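A structural walkthrough
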Amino acid sequence: MKLVFAKEMQSLDQQSAEQIGLPTMVLMENAGKAVAETAADFLEDCFGKNIVVFTGKGNNGGDGFAAARWLSNQGARVKVFLVSPWQELTGDAAAQLRICRKCGIELFALKEDRGSWDVAEVSCRQADLVIDAVLGTGFNGVLQGAQQRVCGLMNSIAVPVVSIDVPSGVNADTGSADKNAVQADITVTMALAKPGLFLYPAAELSGEIIVADIGMPKILLECIDSKKFLLTENIACDLLPQRNGNCHKGEAGRVVVTAGSPGFTGAAALCSEAAVKAGAGLVSLLTPLCSREVLAVKLTEIMVEGLIERMPGALGGGAAGTVLDKAGRADVLAIGPGLGTSESTMEVIREILQSVEVPVIIDADALTALQGHVGILNTMGAPKVLTPHPGELGRLLDLGPAEVDARRLELAGKYAAEWDAVLVLKGAPTVIGCPDGNVYINTTGNSAMATGGSGDVLTGIIAGLAAQGISVQEAALAGVYMHGLAGDLASKGIIGMAAGEISQYLPQARRIIEQGE
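Here is what the cut-offs are and how they apply
Residues numbered from 1 in each chain as written. Predicted model: local features only at pLDDT ≥ 70, side-chain atom pairs only at ≥ 80, totals over all residues. Heavy atoms only, no water. Buried < 20%, exposed > 50% of the residue type's maximum accessible area, 1.4 Å probe, protein only. Helix = DSSP H or I, 4+ residues; strand = E, 2+ residues; numbered from the N terminus. Arc of directions from axis to C-beta. Contact = heavy atoms within 4.5 Å. Pairing = 2+ DSSP bridges. Core = buried A, V, L, I, M, F, W, Y, C linked by side-chain atoms within 4.5 Å. Axes fitted to C-alpha atoms, helices over the stretch in contact; angles between N-to-C directions. Parallel < 35°, antiparallel > 145°, perpendicular 65-115°, else oblique. Left-handed = near helix turned anticlockwise from the far one by under 90°. Nonpolar A, V, L, I, M, F, W, Y, C, P; charged D, E, K, R; others polar. Salt bridge = Lys/Arg side-chain N within 4 Å of Asp/Glu carboxyl O. Phe/Tyr/Trp six-rings, centres within 6.5 Å; stacked < 30°, edge-to-face > 60°. Lys NZ or Arg CZ within 6 Å of the ring centre and 35° of its normal.

1. Here we look at helix H21 (residues 506-515)
- Listing the buried residues of H21 in full gives Leu506, Ala509, Arg510, Ile512 and Ile513. Buried residues of H21, viewed axially, fall in a sector of 160°; they line one side.
- For H21, the secondary structure elements touched by its buried residues are helix H8 (233-239), helix H9 (265-277), helix H18 (454-466), helix H19 (472-491) and helix H20 (499-504).
- Just past H21, the residue Gly516 takes up positive phi, approximately 65°.

2. Digging into the sheet that holds strand S11 (residues 282-288)
- Pairing is mixed in the open sheet, where eleven strands are placed in the order S1-S9-S20-S19-S18-S17-S16-S15-S10-S11-S12. Each edge of the open sheet carries a strand with a single partner, namely strand S1 (2-3) and strand S12 (303-307).
- Two elements, strand S9 (residues 228-231) and strand S20 (residues 439-442), share four bridges in a ladder whose sense is parallel. Bridge assignment links Leu231 to a residue of S20, and that residue is Asn442.

3. Some words on the pairing of strand S7 (residues 186-190)
- In terms of residue burial, S7 counts as a mostly covered element, since five of its five residues are buried.
- Burial of S7 is two-sided: the residues Ile186, Val188 and Met190 facing one way and the residues Thr187 and Thr189 facing the other way are all buried.
- Pairing geometry for strand S6 (residues 161-164) and S7, over three bridges, is parallel. Bridge assignment links Val162 to a residue of S7, and that residue is Ile186.
- Pairing of S7 with strand S8 (residues 208-212) involves five bridges; the strand directions are parallel.

4. Comments concerning the nonpolar core
- Ranked by internal contacts, the top residues of the largest apolar core, which has 60 residues, are Val255, Leu285, Val424, Ile432, Leu465 and Met482.
- If you tally residues by element for this core, the top one is H19, at eleven residues.
- Ignoring anything within four residues of it in the chain, the contact list for Leu285 reads Val257, Ala259, Ala268, Ser272, Leu295, Leu299, Ile302, Met303, Val304 and Glu305.
- By size, the runner-up hydrophobic cluster in this structure holds 43 residues, among which are Val162, Ile186, Ile214 and Leu220.

5. Things to note about the packing of helix H2 (residues 24-43) against helix H4 (residues 91-102)
- Look at H2 against H4: their axes get within 10 Å of each other, and the N-to-C directions meet at 55°. Put simply, H2 runs oblique to H4. Once H2 is placed against H4, the crossing between them reads as right-handed. Contacts between H2 and H4 involve Thr24, Met25, Met28 and Glu29 from the former and Asp92, Ala93, Ala95, Gln96 and Ile99 from the latter.
- Each residue belonging to the contact of H2 with H4 can be placed in one class, and the counts come to five nonpolar, two polar and two charged.

6. So, the sheet that holds strand S4 (residues 106-109)
- Taken together, the seven strands give an open sheet; going across it, the order is S4-S3-S2-S5-S6-S7-S8, and neighbouring strands pair in parallel fashion. On the outer flanks of this sheet lie S4 and S8, each paired with one strand and no other. When strand polarity is set aside, the average angle formed by the axes of neighbouring strands in this sheet is 20°.
- Alignment of strand S2 (residues 50-55) against strand S3 (residues 77-82), held across six bridges, turns out to be parallel. Paired with Val52 across the two strands is Lys79, which belongs to S3.
- Where H2 meets the sheet, it contacts S2, strand S5 (129-133), S6, S7 and S8, and its direction lies at approximately 155° from that of S7.

7. Concerning the pattern of salt bridges
- Tallying each qualifying case throughout the model produces 14 salt bridges.
- Salt bridges linked by common partners bring Glu403, Arg407 and Glu410 together as one network.

8. Some remarks on the environment of Ile494
- Its location among the elements puts Ile494 in the loop between H19 and H20.
- Sequence-wise, Ile494 and Asn446 are 48 residues apart; in three dimensions their C-alpha atoms are separated by 9.5 Å.

9. Here we look at the packing of aromatic side chains
- All told, the structure shown has four aromatic pairs when counted by the stated rule.
- Ring geometry for Tyr415 against Trp419: centres 5.1 Å apart, planes inclined by 45°, an arrangement best described as tilted. One end of the pair, Tyr415, and the other, Trp419, are both in helix H17 (residues 408-419), four residues apart, so they sit about a helical turn from each other.
- Overall, the relative accessible area of 14% leaves Tyr415 in the buried class.
- In textbook terms, an aromatic cluster arises when at least three aromatic residues are bridged by ring pairs, as seen for Phe54, Phe81 and Phe108.
- The ring of Trp86 is capped by Arg101, whose NZ or CZ atom sits 4.9 Å from the centre of that ring.
- Across the ring face of Phe5, the terminal group of Lys228 is positioned such that the distance to the ring centre comes to 4.0 Å.

Quick look at the structure:
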């Protein structure tokens, strides 16, 4: 599903009028009708129901006026409260206000005196539904004055709220939100979804998201040069590798995992097991010699070999050569989970990355090895996937984790292109930046996956899929979606899941994606 920024949506509205000849007033009419239909479906029957609409002075308010009239036509008892003075309304919004007046819709101006606000509060508490049409996609900043007050009112009542386009107080592009932003039960967004609806904190404020068809010409929707997408089941299904009925293990993909060190053998095990569960035919684990025995006992389906150490847990000597030789006879290399951060290990990792020729998934301690050495990414010849969490990407960019989290869409896209890498920025939600400039927001996963080892599992999944004959970009997109879906299946909505449980549900997740269950 294509996503658009606020300015891109405004451009579509303008093109619809100027190039196609479809007036924006028609789009506003259709938007109001879509909101009214959503409200009617939610209430099952809106006849005789009390509905309150709060409107601002922009086009969002105009959509609210149109929705009020459509609902009134269906027999609802509608009251509209204007948050801005009616004199400030212009264009289509002003026209919709005039239509509401002539149709006898009850209109109230919210003034500074207490009386009008008391009427609004009483009306809300008696309402079956409230419609938020105060601020739309143009909001950016802090709620103030009457806007802040009305958002607080909507949040204080135990009545369902339907927001138009975005909840008031939410930034449609970034997902940032004022502390008083509206908590919606449903958000009806027009023509195309906005990325901010799926990014936190706005994702928790948007409720159910409905993308309404308002008659925007298909030719415009198809031609808009947006590189932002929602990662859906259909996309993941198209990317998953296919397998012939007579396939044998040698044809199902060979993965080499370089991971693990004393105290962090679990990361190596989780990553390797996930590669198997993702469908790889043969998986080999290369780990520091002192960790080999414990991992060989733990992993019955994985071939485990020890790497030369300078001291226990610290790689050295010919370790890089061994990894490169083994990877050269495989389809993909995954490197980093629990490998350790000694300086000698960091040097070995950098040597491997500069010389590896097969696709490589770079995670955890391998990302740490790139701190201060990101130039290596531009000299690498191998296709690559980076899988940082905000802290790891922040260390590469000299940014704090909070800033990375707030700019995840921007940073994933920018540095995927700059480093010619697929950049999987883990988190809620995971965002995938691609070298071609496309950025995807994942739609699967849940907070129960916020547990140690979940990222190691993701690295193994991507490696396992990439080994099966698809590109690293395809593997990353399908892998992220499948990882989240397996987490949804494993957790069953209950916090307390262990990362290893995600891997156990990977075959089921893959079947659901492939069969559309």
